[in-house]
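Fold and contact review
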Amino acid sequence: MEAVNKRNGGAELSTVLDSQKEVFLSQKHLCPDQRKAFNDILHCRTSQMGSHSLCCDSCGRVKVCYNSCRNRHCPKCQYIKQQLWVEKLKCRLLPVRYFHAVFTVPEFLNPLFYINQRFCYNLLFECSAKAVKKTALNPAFLGVESGCLSVLHTWGQSLNYHPHIHMLVPAGGLDSDGMQWLYAGKKFFVPVKALSSVFRGLFMERLLGALEDNLLRIPEGQKELFADIKSLKKESYAKMWNVYIKKTFRGAGQVVSYLGRYTHRVAISNSRILDTDGETVKFRWKDYRDNKTKTMLLACSEFVRRFMQHVLPTGFYKIRYYGILASANSNTKMNECFRLLNITREVSFYHGLSTYEVMEEIFGEEMFRCSCCKNGRMVFAPPGEKGNGP
């Protein structure tokens, strides 16, 4: 396994995992999802993942290529997925301005979230989306049926555990009759403090109900807090919850290029890992307190521990659509929105293309040019064809 990333001159995540595999796979307690992610990233594009062959259609040279792991937590396997999703989203988003909202829960809830991930992440998705829907419908604000696209992130720049929702909200929506598109002003259509209060109320109502029904595991150090509903409410309502609007976007094109960097992002990319000696790892991170990029040095074991916190439960969807943007409304309300905006919906450019054709469009023809004869194209070889290695 190569210890150096030739693209950026730094180490790779797989290198750090390799230095800690004996500790984490034998002594540490990883859940099945974390163990699978660990092994997949460790063996991505190696013989452990199997291989396929490419054959030059001119000189007949055969090349063996190792397969990708395709794990959504692997920093090597997200680019094509991201490009396909972005292209598909271009045809789905309405050509209007958008707001970028971020929903975060108080830090004292993080331990509860970590040991009840599927339930708490679902709760965070549902309550943040419902808060936007409820406030948008309020005639005192905009009085429209809106929607949102939500993306779950669980990390901060230093790989600390920090679950939060990034949300795109169109600057407007359908009126109560569904016959007109109403535009929002330059500012978010509801005061952020009002949105925060609604979100907090919805979340706490659901959380308290789940606690009463014994649906959640309670962290060891917080049993007294969660056993006393009055104390829990006092702690939860002591401060406003962190909900804020980051930017506005003028159209779908700007939104898609921005969102593409968020949707298929993993906790840390290989480009941020600067160096490792097997004992420590050095990586770049952005300190938002002073908005400066800094370097952090961690023991490899601590780095891997932090990274593994962000492995999501199997089958959990971290990108979701609500309201008028929901899939159920694609052929009804969304079509009506495009009609009201006098815009024709397009079909994804990649629709109907094979995987080979998609990769050729993304990376260019030179990627599949034969390095031997310089003229032919490398195409998938018949099964059983032997090559000369990767």
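Just so it is clear, the structure is predicted and the values come from calculations on it, not from any experiment. (Residues numbered from 1 in each chain as written. Predicted model: local features only at pLDDT ≥ 70, side-chain atom pairs only at ≥ 80, totals over all residues. Heavy atoms only, no water.)

1. Some remarks on the UniProt feature "domain: Transposase zinc-binding" (unreviewed entry) in the chain
Filter applied, for reference: UniProt positions are given in the numbering used here, feature names are shortened, and annotations may be inferred rather than shown by experiment. The secondary structure listing takes helices from DSSP runs of H or I that are at least 4 residues long and strands from runs of E that are at least 2 residues long, numbered from the N terminus.
In the UniProt entry, the feature "domain: Transposase zinc-binding" (unreviewed entry) is given for residues 19-105. Strand forms 21% of residues 19-105 and helix 37%; the C-alpha atoms that close the span are 34 Å apart.

2. Overview of the domain arrangement of the chain
In many reports, interface size means the accessible area that the parts give up when they come together. Stated precisely, the cut-off is as follows: These domain boundaries are the output of an automatic or database domain assignment. A contact between two residues is defined here by any heavy atoms of the two lying within 4.5 Å. Each of two parts loses accessible area, computed with a 1.4 Å probe, when they are put together; buried area is these two losses added. Criterion for a salt bridge: a side-chain nitrogen of Lys or Arg within 4 Å of a carboxyl oxygen of Asp or Glu. In protein, a polar contact requires one atom able to donate a hydrogen and another able to accept it; more generally it is a pair of N or O atoms within 3.5 Å, and residues adjacent in sequence count only if both atoms are side-chain atoms. When residues are grouped by polarity, Ala, Val, Leu, Ile, Met, Phe, Trp, Tyr, Cys and Pro land in nonpolar, Asp, Glu, Lys and Arg in charged, and all others, Gly among them, in polar.
Domain assignment breaks the chain into domain 1 (1-73 + 356-380) and domain 2 (77-267 + 310-341). Here domain 1 and domain 2 have C-alpha centroids that lie 34 Å from each other. Contacts between the two partners involve 14 residues from domain 1, matched on the other side by 17 residues from domain 2. Taking both partners together, domain 1 and domain 2 bury about 1300 Å²; carbon and sulfur atoms supply 60% of that area. Three residues, Asp 33, Arg 72 and His 73, lead the burial of domain 1 against domain 2; their summed loss comes to 50% of the area buried on that side. Summed over the shared surface of domain 1 and domain 2, the number is 0 salt bridges. Between domain 1 and domain 2 we count 8 residue pairs in polar contact (both at pLDDT 80 or more) in total. Going through the elements one at a time, helix H3 (32-43) and helix H13 (355-363) are the ones with two or more residues in the side of domain 1 that touches domain 2. Residues of the side of domain 1 that touches domain 2, tallied by class, amount to 7 nonpolar, 4 polar and 3 charged.

3. A few points about empty space enclosed by the protein
Gaps between atoms show up when a probe of the same size as a water molecule is rolled over them. Quick reminder of the rule: Using a 1 Å grid laid over the protein atoms alone, points where a 1.4 Å probe fits but cannot get out form a cavity; open sets with protein on both sides within 12 Å along at least 5 of 7 lines form a pocket; any residue with an atom within 4 Å of a point counts as lining. Grid points are joined across faces, edges and corners, and a volume is the space filled by probe spheres set on the points.
Applying the stated criterion across every chain, the model contains 2 cavities of 30 Å³ or more. The calculated volume of the largest cavity comes to roughly 90 Å³. Taken together, Arg 72, His 73, Trp 155, Arg 265, Val 266, Ala 267, Phe 307, His 310, Val 311, Leu 312 and Lys 318 make up the lining of the largest cavity. Looking at side-chain class alone, the lining of the largest cavity contains 6 nonpolar, 2 polar and 3 charged residues. Taken as a whole, the second largest cavity encloses approximately 30 Å³ of empty space. Glu 12, Leu 13, Ser 14, Ile 41, Cys 74, Pro 75, Lys 76 and Asn 270 together form the lining of the second largest cavity. The class makeup of the residues in the lining of the second largest cavity is 4 nonpolar, 2 polar and 2 charged.

4. Digging into the pattern of salt bridges
The line we're drawing: Think of it in three bands: with a 1.4 Å probe and only protein chains considered, a residue is buried below 20% of the maximum accessible area for its type, exposed above 50%, and partly exposed in between.
On inspection of all chains with the given rule, the structure shows 12 salt bridges. The residue Asp 287 makes a salt bridge to Arg 289 at a minimum N-O spacing of 3.1 Å. On the accessibility criterion, Asp 287 (4% relative accessible area) is buried. Among the ionic pairs, Lys 294 bridges to Asp 290, the shortest N-O distance being 3.1 Å.

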